[in-house]
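# Coordinate analysis (summary)
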Amino acid sequence: MFKQYMEDVRSFIAHDPATENPLEVILLYPGFKALRSHKRANWFFKHNMPFIARAISQRSAHKTGIEIHPGATIGRRVVIDHGHGIVIGETAEVGDDVMIYQGVTLGGTGKDIGKRHPTIESGVMIGAGAKVLGPITVGKNAKVAAGAVVVRDVEPNSTVVGVPGEVVRIDGERVDDLDQIHIPDPLMNAIKANEAKIEMLENEIKKLKEIQNEGI
């Protein structure tokens, strides 16, 4: 138990250049506190004491601004950066080594029953304000850009941007260091590609007209 506790602390330190002090993480980081509270709430939830579980989770939400349903499954070394406004639903599953930024929602669509929240596989990064909705799966090591709305399954090692979320790649490869600001825009890329094609066609038409005029 202590080994896993310190493992979680080291994960926060590794992902946050603002601190190298374990005590600071333990005492002051709302994301760390919310995850520790969830472990307690989840224990009571699994042992058929839902009222106590919800009481723990609601108290944690009030103190941290992070709402994690006690039924959610959270893996090891998960890091919640800042975290205010995060909502994680009851049937959500979060794998190991997942990075979640503030304002993220792992929610339902309002029409599903049973498994109605997303499955986030190991190594995924979910950017600030992103919404991942419904019983979908975000594959291993995928990245969800800030503000994206994801309603379909995401393949492993993909990067998703936009509303609704679209998988994008730069130069045929996944965007490895998505920095929440320099986010690729698939719509603008499509517009630029169309502009280039139109320009090429206009040049071809111009050449054909010149050849025609020379023939006259």
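I will try to describe carefully the structure that is included in this document. Counting restarts for each chain, with residues numbered from 1 along the sequence as it is written. Per-residue local features of the predicted model are confined to residues with pLDDT of at least 70, and side-chain atom pairs are confined, for both listing and counting, to 80 or more; whole-chain, interface and lining totals are unaffected and use all residues. Where side-chain values are given, they derive from all heavy atoms of the structure, hydrogens and water being excluded.

### Focus: the overall build of the protein
Secondary structure elements are taken from DSSP: a helix is a run of H or I of four residues or more, a strand is a run of E of two residues or more, and numbering for both begins at the N terminus. A tally of helices and strands in the protein yields five helices and 15 strands. Split by element, the accessible area of the protein, about 12600 Å² in all, is 56% carbon and sulfur. Accessible areas in this description were obtained via Shrake-Rupley with a 1.4 Å probe; residue shielding takes into account the shown protein chains only.

### So, a nonpolar patch on the surface
A cluster of nonpolar side chains, namely Leu23, Leu27 and Leu28, defines an oily patch on the protein surface of about 320 Å² accessible area. Following the sequence through the fold, Leu27 ends up in helix H2 (residues 22-28). Nonpolar side chains (Val, Leu, Ile, Met, Phe, Trp, Tyr) within 5 Å and like charges within 9 Å form the patches, drawn only from residues with over 30% relative accessible area and no salt bridge. Note on definitions: salt bridges are taken to be side-chain nitrogens of Lys or Arg within 4 Å of carboxyl oxygens of Asp or Glu.

### Re the packing of helix H3 (residues 30-46) against helix H4 (residues 50-64)
For the pair H3 and H4, interaxial distance at closest approach is 8 Å and the crossing angle is 170°. It follows from the interaxial angle that H3 and H4 lie roughly antiparallel. Two secondary-structure elements touch here, H3 through Pro30, Lys33, Ala34, Ser37, Arg40, Ala41, Phe44 and Phe45 and H4 through Pro50, Ile52, Ala53, Ile56, Ser57, Ser60 and Thr64. Here the term charged refers only to Asp, Glu, Lys and Arg, the term nonpolar to Ala, Val, Leu, Ile, Met, Phe, Trp, Tyr, Cys and Pro, and the term polar to all other amino acids, Gly among them. Considered class by class, the residues forming the contact of H3 with H4 number nine nonpolar, four polar and two charged. Only the stretch in contact is used when a helix axis is fitted, and all axes are lines through C-alpha atoms; the angle between N-to-C directions ranges over 0 to 180 degrees. With respect to orientation, any angle under 35 degrees is reported as roughly parallel, any angle over 145 as roughly antiparallel, any angle of 65 to 115 as roughly perpendicular, and every other angle as oblique. Should any heavy atoms of two residues lie within 4.5 Å, those residues are considered in contact.

### A word on the pattern of salt bridges
Working definition: two side chains of opposite charge can pair if their charged atoms are close together. Counting across every chain of the model gives six salt bridges. A salt bridge links Glu7 to Arg77; its shortest N-O distance comes to 3.2 Å. In this pair, Glu7 is assigned in helix H1 (residues 2-15) and Arg77 in the loop between strand S2 (73-74) and strand S3 (79-80), connecting sequence segments 70 residues apart. The class of Arg77 is partly exposed, set by a relative accessible area of 22%. Buried residues are those whose accessible area, probed at 1.4 Å on protein chains only, stays under 20% of the maximum for their type, while exposed residues exceed 50% and partly exposed ones sit between those limits.

These values are about where atoms sit, not about what they do.
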